[in-house]
Amino acid sequence: MRAELTSRQSEVLDAIVLYKERTGFPPTIQELAGLIGCASPNAAAAHVKALKKKGYIFIAPGAARGITIVKTEPDEDPVSIIKDLLSGGEKARNKAVEWLKKQGVTL
């Protein structure tokens, strides 16, 4: 499970990713409701809204297939990276270097 997502939100994100991988385009809210077993598209829309708020997806206003996947894993927390470095955690240096690169730092 992704750290900042509920297990249900993680399932919904996985359904969106899988659908897009299979078809080449994202599901509509109606299609997503069927994929995740929701009786109402409103329930699926609520999950999509939560994923958008947490930064995992972007939704193009007014587009039926307007879901764009932004990320599938939570961003690394700088504090946890530093703690790993200090404790000598496995692969801590690599995580730190990758995080710095994502921040635009050249090494």
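Residues numbered from 1 in each chain as written. Predicted model: local features only at pLDDT ≥ 70, side-chain atom pairs only at ≥ 80, totals over all residues. Heavy atoms only, no water.

### Thoughts on the packing of helix 1 (residues 7-23) against helix 3 (residues 41-53)
Working step 1: Running from N to C, helix 1 and helix 3 cross one another at 95°; their axes reach a closest spacing of 10 Å. Here helix 3 runs roughly perpendicular to helix 1, going by the angle between their axes. For the pair helix 1 and helix 3, contact is made by Arg8, Gln9, Val12, Leu13 and Ile16 and by His47, Ala50 and Leu51, respectively.
Working step 2: Residues that form the contact of helix 1 with helix 3 fall into these classes: five nonpolar, two polar and one charged. (Axes fitted to C-alpha atoms, helices over the stretch in contact; angles between N-to-C directions. Helix = DSSP H or I, 4+ residues; strand = E, 2+ residues; numbered from the N terminus. Parallel < 35°, antiparallel > 145°, perpendicular 65-115°, else oblique. Contact = heavy atoms within 4.5 Å. Nonpolar A, V, L, I, M, F, W, Y, C, P; charged D, E, K, R; others polar.)

### Concerning the packing of aromatic side chains
Working step 1: According to the stated counting rule, one finds one aromatic pair in the structure shown.
Working step 2: The interplanar angle of 70° and the centroid separation of 6.2 Å between the aromatic rings of Tyr19 and Phe25 together place this pair among those described as edge-to-face.
Working step 3: Owing to a relative accessible area of 34%, Phe25 belongs among the partly exposed residues under this scheme.
Working step 4: The ring of Tyr56 is capped by Lys71, whose NZ or CZ atom sits 4.8 Å from the centre of that ring. (Phe/Tyr/Trp six-rings, centres within 6.5 Å; stacked < 30°, edge-to-face > 60°. Buried < 20%, exposed > 50% of the residue type's maximum accessible area, 1.4 Å probe, protein only. Lys NZ or Arg CZ within 6 Å of the ring centre and 35° of its normal.)

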